[in-house]
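Read off the chains here:
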Amino acid sequence: MAKFKTFIKNLGPGLLFASMAIGTSHLVLSTKAGAQYGWLMIIPIVLANIFKYPFFEFGVRYTHLTDKTLIEGYLNRGKGYLWFYAVITLITTFTILAALYTVTAGLFKNLFRLEEISLTIIALGLFVFISLLLIIGRYRFLENSLKLVVSILFVALLVTTILVVYNGQVDVTPNFKPTPLFNEAGILFLIGLMGWMPTTVEASSWVSLWSIEKWKGANSKPTLKQALQEFNTGYALTAVLAIFFLTIGCMTLYGTGTELSGNGVVFADQVVRLFTTHIGPWAYVFIAVSAFATMFSTCMTAHDAVARVSLDIIGLLYQKPRKLRNRKNFSIAIIVLALVNFVVIAAFSANMGQLVALATFVSFVVAPIIGYMNLKNVMSDDLPKENKPKKWLQTLTYFGILFLTCFSLLYFWMVLFP
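Residues numbered from 1 in each chain as written. Predicted model: local features only at pLDDT ≥ 70, side-chain atom pairs only at ≥ 80, totals over all residues. Heavy atoms only, no water.

K.L.:
Whenever I open this one, the overall build of the protein confuses me. Can you help?
P.N.:
The helix and strand tally for the protein stands at 16 helices and 0 strands. Within the protein, the fraction of its 418 residues that count as buried is 58%. Restricting to contacts in the protein with at least 6 residues of sequence separation, those with at least 24 account for 86%. Surface accessibility of the protein: about 18,000 Å² in total, with carbon and sulfur atoms responsible for 69%. (Helix = DSSP H or I, 4+ residues; strand = E, 2+ residues; numbered from the N terminus. Buried < 20%, exposed > 50% of the residue type's maximum accessible area, 1.4 Å probe, protein only. Contact = heavy atoms within 4.5 Å. Areas by Shrake-Rupley, 256 points an atom, 1.4 Å probe, with all protein chains shown as cover.)

Structure (structure tokens):
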């Protein structure tokens, strides 16, 4: 019982990682993978989670042992590393939050049938509400609220998955032909799925910053083993929920010949309505809440993380790494990000797909580089020799870098030479 209480007390960075990762990569991409390609897609989902694991684990390991963020570690490796990460973050800042809030606003509008209210107004409401929650509650509120949200989400998805499996595979339409995976559209989808599963590699620094915030002012810090156990729980949860979404897509949509929308908002709405058709109208509220909770919690964690990362980078570039980490600057960063991304939504909503495509392209191309930067951090003299990654984890890291490099090059080739 004492160990369980300690585990619950240590919950934080891993939980936030799970909440952040379980967004469009799960609700849209995992479900769509099962709906279009069937059970075969469990292989790339599992492989992506395995090969990317070391890069995120290093965020917890490095910060726990040095009391520095991964971003500070980049600066220790050389200022070029920091500038490289700063450019990636700048591109992310103008795209990822706008995309997440757009999908969440659209989902909210469709699920609760608010046809008379524009998407931009709903997005504005979400920006204001989430910004206030983050400014007033800060990290402690975020952590405590997500313990509840993620618990509800997990139970809701578990029940939904069990009901879907119990009801059995939906009837396959006559003359159904499986969607080919190894054509241009299939490979691009596969790359997108694996690139965003469980999330992009640059988010490894987010876990690092949450760890700093979690342990700041604490009477005692967990051991490295306890910190990694907490993160591993969150990481495993993201993988399990991805398989839940895949299962739901396979059981309710695969083989039906349903035309699936390429728009994330419309597709999410399609999924919810098809679930209720398969399970029963009584399940609509249950599933709608699960879907919205998924995206809402992702918006909260991503907004919080991008604000912290931006402050950390600015502080390091101006040689004031710790001075910017205060409540006033955090509040300013939250508001500025909300304003900037609301302007992006209002001005570029018609071209949001192109902006997201740019962010996706950059994330894929730089993923193996950031993975290598993280490895350089944990293999440096910043860490005691006995606490550096074991041989098996180093080997997995190199395989992960090779894995990401191959997919980045393939994606780069297909985008530039269609």
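K.L.:
Whenever I open this one, the pattern of salt bridges confuses me. Can you help?
P.N.:
Any two side chains of opposite charge can pair, given that their charged atoms come close. This model, assessed by the stated rule, comprises 4 salt bridges. One salt bridge connects aspartate 382 with arginine 77, and the closest N-O pair in it is separated by 3.1 Å. One end of the pair, aspartate 382, is in the loop between α15 (352-378) and α16 (391-416); the other, arginine 77, is in helix α5 (residues 70-77), with 305 residues separating them in the sequence. The exposure class assigned to arginine 77 is partly exposed, which follows from its relative accessible area of 22%. Salt-bridge contacts for arginine 308 lead to aspartate 304; the nearest nitrogen and oxygen are separated by 2.8 Å. (Salt bridge = Lys/Arg side-chain N within 4 Å of Asp/Glu carboxyl O.)

K.L.:
Is there a simple way to think about the layout of surface pockets in this case?
P.N.:
Empty pockets left among the atoms are what a rolling probe the size of a water molecule brings to light. Roughly 290 Å³ of internal volume is contained in the second largest pocket. The wall of the second largest pocket is formed by 15 residues, among which Thr89, Leu90, Thr93, Ser310 and Ile314 lie closest to the centre. Along the lines of polarity and charge, the residues of the lining of the second largest pocket split into 12 nonpolar, 3 polar and no charged. (1 Å grid on protein atoms, 1.4 Å probe; cavity = no way out; pocket = protein on both sides within 12 Å on 5 of 7 lines; lining within 4 Å. Points joined across faces, edges and corners; volume = space filled by probe spheres on them. Nonpolar A, V, L, I, M, F, W, Y, C, P; charged D, E, K, R; others polar.)

K.L.:
Would you explain the packing of helix α7 (residues 96-111) against helix α13 (residues 284-317) in this entry?
P.N.:
In a packed pair of helices, the relevant descriptors are the angle between the two axes and the axis-to-axis distance. Where α7 meets α13, the closest approach of the two axes is 10 Å, and the angle between their N-to-C directions is 160 degrees. One way to sum up the angle between α7 and α13 is to call them roughly antiparallel. Between α7 and α13 lies a crossing of left-handed hand. Taking contact as the criterion, the partners of Ile96, Leu97, Leu100, Tyr101, Val103, Thr104, Leu107, Phe108, Asn110 and Leu111 in α7 are, on α13, Tyr284, Ala288, Ala291, Phe292, Met295, Phe296, Thr298, Cys299, Ala302, His303 and Val306. Here the residues of the contact of α7 with α13 sort into 17 nonpolar, 4 polar and no charged. (Axes fitted to C-alpha atoms, helices over the stretch in contact; angles between N-to-C directions. Parallel < 35°, antiparallel > 145°, perpendicular 65-115°, else oblique. Left-handed = near helix turned anticlockwise from the far one by under 90°.)

K.L.:
Explain the nonpolar core to me, please; I cannot follow it from the model alone.
P.N.:
A general trend in soluble globular proteins is that nonpolar side chains are found buried together. Met41, Ile71, Tyr85 and Trp206 are the most contacted members of the largest nonpolar core, which totals 125 residues. Tallying contributions element by element places α13 first for this core, with 18 residues. Beyond its immediate chain neighbours, meaning those up to four positions away, tyrosine 85 contacts Ile71, Tyr74, Glu202, Ser205, Trp206, Val309, Ile313, Ile370 and Met373. (Core = buried A, V, L, I, M, F, W, Y, C linked by side-chain atoms within 4.5 Å.)

K.L.:
What is the right way to look at the packing of aromatic side chains in this model?
P.N.:
In total, this model carries 18 aromatic pairs according to the counting rule given. Ring centres 5.0 Å apart and planes at 55 degrees place the aromatic pair phenylalanine 17 and phenylalanine 56 in the tilted group. Separated by 39 residues along the polypeptide, phenylalanine 17 in helix α2 (residues 13-21) and phenylalanine 56 in helix α4 (residues 42-66) bring together distant segments of the chain. Across the pair, exposure class does not vary: phenylalanine 17 and phenylalanine 56 are buried alike. (Phe/Tyr/Trp six-rings, centres within 6.5 Å; stacked < 30°, edge-to-face > 60°.)

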